[in-house]
Amino acid sequence: MSREEQAVERRDLLKLSGLALMGLACPPAALAQNGPPAGDLDLTFLHCWSDEKGETHVMIRPLAKTVKPIPLTGDMNLHFDSRPLIPLHTAPQRMFVITLQGDFELEASDGTRLKAPPSGISFDGDTTGRGHAARLKDAVNIDIGVPADFDVLRWARGE
């Protein structure tokens, strides 16, 4: 692939990431206009967290049909990752990980291993504990930091 083709691909990915961020940060009413019917949406996300004993867990959780805008901390990264495995680690901060391209899978310290759902939305909240491993295949992700007191479960219920 030529440098020009790579530049176009990156520019297209940046545009997509901008659209994804606008969708997460804008009011639900704006998302509903001219969007796909609710039956076609995958209303789930992958949730990763640590319990009080330090064990990390992952679970697919439901999302309400309408959610409030995410309070952003300003910490946002777009990254292209070709590593097949990122060994056991904790999240550097509580954050959403939006997979734009490729495959993304988490394995918690408790042994549970799950792929990100078709929505591409994951939430990493395990900033302490034993952590999780990530398996990637040509992944392009956006990491979006949230405040330490953000309650992802209340947000997911639309509260």
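Not measured: the values here are computed from a predicted model.

Peer 1: Help me out: how do you make sense of the packing of aromatic side chains in this one?
Peer 2: All told, the structure shown has six aromatic pairs when counted by the stated rule. Relative to Trp155, the ring of Phe45 has its centre 6.4 Å away and its plane inclined at 80 degrees; by these criteria the two rings are edge-to-face. Placement of Phe45 in strand β1 (residues 44–50) and of Trp155 in helix α3 (residues 152–156) is noted, with a sequence separation of 110 residues between them. Here Phe45 matches Trp155 in class, with each residue buried. In this structure an aromatic cluster arises from ring pairing among Phe45, Phe96, Phe123, Phe150 and Trp155.

Peer 1: Looking at this model, I keep getting lost on the confidence of the model for the chain. Mind explaining?
Peer 2: Regions with low pLDDT should not have their predicted coordinates read in detail. Residue-level pLDDT values for the chain average 79, and 74% of them are 70 or greater. Mean pLDDT across the elements of the chain bottoms out in helix α2 (residues 28–32) (38) and peaks in strand β2 (residues 56–62) (95). Predicted confidence for residues 4–8 stays below pLDDT 50, and this span has one contact to residues more than four positions away or in other chains. Below a pLDDT of 50 lies the segment residues 25–38, which in the model reaches 11 contacts outside its immediate sequence neighbourhood of four places, other chains included.

Peer 1: Would you explain the environment of Ile142 in this entry?
Peer 2: Considering the arrangement of structural elements, one finds Ile142 in strand β8 (residues 132–145). What makes Ile142 buried here is its relative accessible area of 2%.

Peer 1: Looking at this model, I keep getting lost on the environment of Lys115. Mind explaining?
Peer 2: Position of Lys115 among the secondary structure elements: in strand β6 (residues 113–115). Along the chain, Lys115 and Met59 lie 56 residues apart, while their C-alpha atoms are 9.8 Å from each other. Filtering out sequence-adjacent residues up to four positions away, Lys115 remains in contact with Leu46, Ile60, Asp103, Phe104 and Glu105.

Peer 1: How do you make sense of unusual backbone geometry when you look at a structure like this?
Peer 2: Most peptide bonds take the trans form, and the phi angle of most residues other than glycine is negative. Within the chain, Asp138 stands out as a residue other than glycine whose phi angle is a positive 50 degrees. Among the secondary structure elements, Asp138 is positioned in strand β8. Judged by relative accessible area, which is 51%, Asp138 ranks as exposed.

Reading the values: rules and limits
- Residues numbered from 1 in each chain as written.
- Predicted model: local features only at pLDDT ≥ 70, side-chain atom pairs only at ≥ 80, totals over all residues.
- Heavy atoms only, no water.
- Phe/Tyr/Trp six-rings, centres within 6.5 Å; stacked < 30°, edge-to-face > 60°.
- Helix = DSSP H or I, 4+ residues; strand = E, 2+ residues; numbered from the N terminus.
- Buried < 20%, exposed > 50% of the residue type's maximum accessible area, 1.4 Å probe, protein only.
- pLDDT = per-residue confidence, 0-100.
- Contact = heavy atoms within 4.5 Å.

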